[in-house]
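# Residue-level structural notes
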Amino acid sequence: MQSRQLADSSNGFRPMTDHARRELSLVSLSFLAVILGVATGIGAAVFRALIALFHNIFFEGRLSFAFDANQLTPPSPFGAAIILAPIIGGLIVVFIVRRFAPEAKGHGVPEVMDAIYYKAGRIRPVVVFAKAVASAVSIGSGHSVGREGPIIQIGSAIGSVFGQWGRLATWQVITLVAAGAGAGIAATFNTPLGGVMFAIELMLPEVSARTFLPVVLATGTATYVGRMIFGIAPAFTLSMAEIANVVLPSNLGLLPLYVLLGAICGLAAFAFVRLLHELEDLMEARLPNPYFRAAVGFAILGCLMLLLQWTTGAYHVDGVGYGTIEEILLGRLDAAGLLFLLFAAKLFATSLSLASGASGGVFAPSLFLGATLGGAFGSVVGLLLPDLHLTAAQFALIGMAAMVGGGTGAAMTAILMMFEMTTAYSLILPAIIAVACAIGTRRALSSENIYTFKLMRRGHRIPKDRHTNMFLVRPARAVMAPVKGRIAVRGRIDRPDASFSPIELQDTAGYALVLRGRHVSGVMRIENWHQFEKARAQDPALRPPVMRRFVLAHPDDLMVDVIRRMNRHQADLVLVAEEGHRSVHAEDIMGVIAGPELAAEVRASFKDS
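Cut-offs applied
Along each chain, residue indices are assigned from 1 in the same order as the chain's sequence is written. Selection of residues for local features in this predicted model requires a pLDDT of at least 70, selection of side-chain atom pairs for listing and counting requires 80 or more, and totals for whole chains, interfaces and linings are taken over all residues. Calculation of side-chain values draws on the structure's entire complement of heavy atoms; hydrogens and water are dropped beforehand. Nonpolar cores were defined as sets of buried Ala, Val, Leu, Ile, Met, Phe, Trp, Tyr and Cys residues, with membership established by side-chain atoms within 4.5 Å. Only protein chains enter the area calculation, which uses a 1.4 Å probe; residues under 20% of their type maximum are buried, those over 50% are exposed, and those in between are partly exposed. Per the convention used, a helix needs a DSSP run of H or I reaching at least four residues, while a strand needs a run of E reaching at least two, with both numbered from the N terminus. All domain edges in this entry derive from an automatic or database-based domain assignment. Pairs of residues are marked as contacts when any of their non-hydrogen atoms sit within 4.5 Å. Residues form patches when they are more than 30% accessible in relative terms and have no salt bridge. Like charges link within 9 Å. Nonpolar side chains (Val, Leu, Ile, Met, Phe, Trp, Tyr) link within 5 Å. Areas reported here follow the Shrake-Rupley algorithm with a probe of radius 1.4 Å; residue values treat only the protein chains shown as occluding. When a carboxyl oxygen of Asp or Glu lies within 4 Å of a side-chain nitrogen of Lys or Arg, that pair is called a salt bridge.

## Considerations on the nonpolar core
- Phe198, Met203, Ile325, Leu367, Met400 and Tyr451 are the most contacted members of the largest nonpolar core, which has 149 residues in total.
- Of all the elements, helix 6 (residues 170–189) adds the most residues to this core, at twelve residues.
- Both domains that furnish three or more residues to this core are identified here as domain 1 (26–230) and domain 2 (240–458).
- The contacts of leucine 367, once residues within four sequence positions are left out, are Phe189, Phe236, Ile325, Met400, Val404, Met418 and Met421.

## Describing the environment of glutamate 578
- By the secondary structure assignment, glutamate 578 is in the loop between strand 8 (573–577) and strand 9 (589–593).
- As for glutamate 578 and arginine 477, which are separated by 101 residues in sequence, their C-alpha atoms are 9.9 Å apart.

## Some thoughts on a nonpolar patch on the surface
- On the surface, a nonpolar cluster with roughly 340 Å² of combined accessible area is contributed by Leu91, Phe95, Phe100 and Tyr291.
- Topologically, tyrosine 291 is positioned in helix 10 (residues 290–312).
- Here tyrosine 291 falls in the partly exposed class, since its relative accessible area comes to 33%.

## Let's talk about unusual backbone geometry
- Unlike most non-glycine residues, alanine 120 shows phi in positive territory, near 55°.
- You will see that arginine 167, though not glycine, has its phi angle at about 50°, which is positive.
- Topologically, arginine 167 is positioned in the loop between helix 5 (148–165) and helix 6.

Put into structure tokens, the structure is as follows:
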């Protein structure tokens, strides 16, 4: 396919290029994605080390990087004074966020989506450092948030910085941002497939070979780096014997239970989304000073942690909560009443933490909520149907997938990540059913998920569905409008002394070629020509409404390539020339494609949707 961008000049035509950005080849972009994967994998390791450091400082008063997030936090030697840890951590976080990067506040993923859809993928470099430190302090001091949101934002910011430094085309910057997000979640949870699906379902506006390959490479590389540092073990450990019963053919009667659990998790996901933002509004309205708001909110969180430690033997709602999840999956925590209590406590603690100014994600809290709610459901069912020998751990896994899917709307991400985090392949079928029901229930109550709800309130809508524009695969000949006349010009078009002579205008509407000799200088709409002709009689200095920024296309060129060519050269229209012709002689032009034709095709593609 030949492409030429032509601009009018007194001597003919010259190429026009966009000097501001450049477009890498797919090979070069893929190589950059591998580098991004390495950087994000290392970033995930540094981030987890910072969390460990701050956790040991706040809870044990020692400098150490030794920390296992999958173990319950032992009682602090500080006793009741531990309630000060989230307060001090919160004040530090508020200072970092307000001083260096306001976008580092909260759970991070909405800011990445906002950058993709509203800021051409641009994320400030300072976000990498501000988010890493603020979130590490937040999680380490006991705020009830997760580590996946921060590393997603960190990976995305690294990808954006790569793209901005390279002055890459916007679509390539956005691809690197999405690749960084997928790499971040993959390195954090050791879930390469889940990382890829996360980028596809929630981040990428375009899914094609040119965007998919960089995402896969970055995600795979980050996972490999993560495994070199953290090992190859899955995120959670469980006994395969615990999940055997739910996949036996004789247990097909359990399908209604999966449906019911999915619906319950959908309701819980809706409650999580609404409580999170309602509490944030309430805190901001009643406590407008961010430092005072943090002090009050995190004081309440500290008291809740201490109360749980006194009554249950563990803080439970502090940090990411993986220790509690592990206890449930190993069958050590299965009392229905306690699990319901922990569900309610975590729901409140996470909402309160983010409303008070914490910096951290909602993915890990969603896993916690799903594990406790699913575990409680399984325990109740086990009591009601003892002959089925069901356990809390079995339904905790299904609940984790359902809660994540219901809250984020990312069905495949939830299902695949649950498999990769536990290696429990036999739970995929129950998870599919539960996740589908959870998403359906939550969407029946609210079309916005936990990530898009925040942006919707800013007036920034994020598409939650991906539609294929069928007109993009149509040839240019099927879209073009025919040429219905010619207008000869003598002299420079933009000079007052230029003269115009219409030739063979076949209609009162349509397109006419503006010619200087045989060469096409531009295109004018015939209705605009008639208006110009009348107006110029009163104002001889009036300039004609000639569209002169155009590109050439051939009849069989696909519209997806034609539109990219228009965008690359900032053209207003396309001249469709006969195959084999590269000139812009009037006799070679078969038709014109401009805004009205493109709009008509887009409108037609939604005709039956």
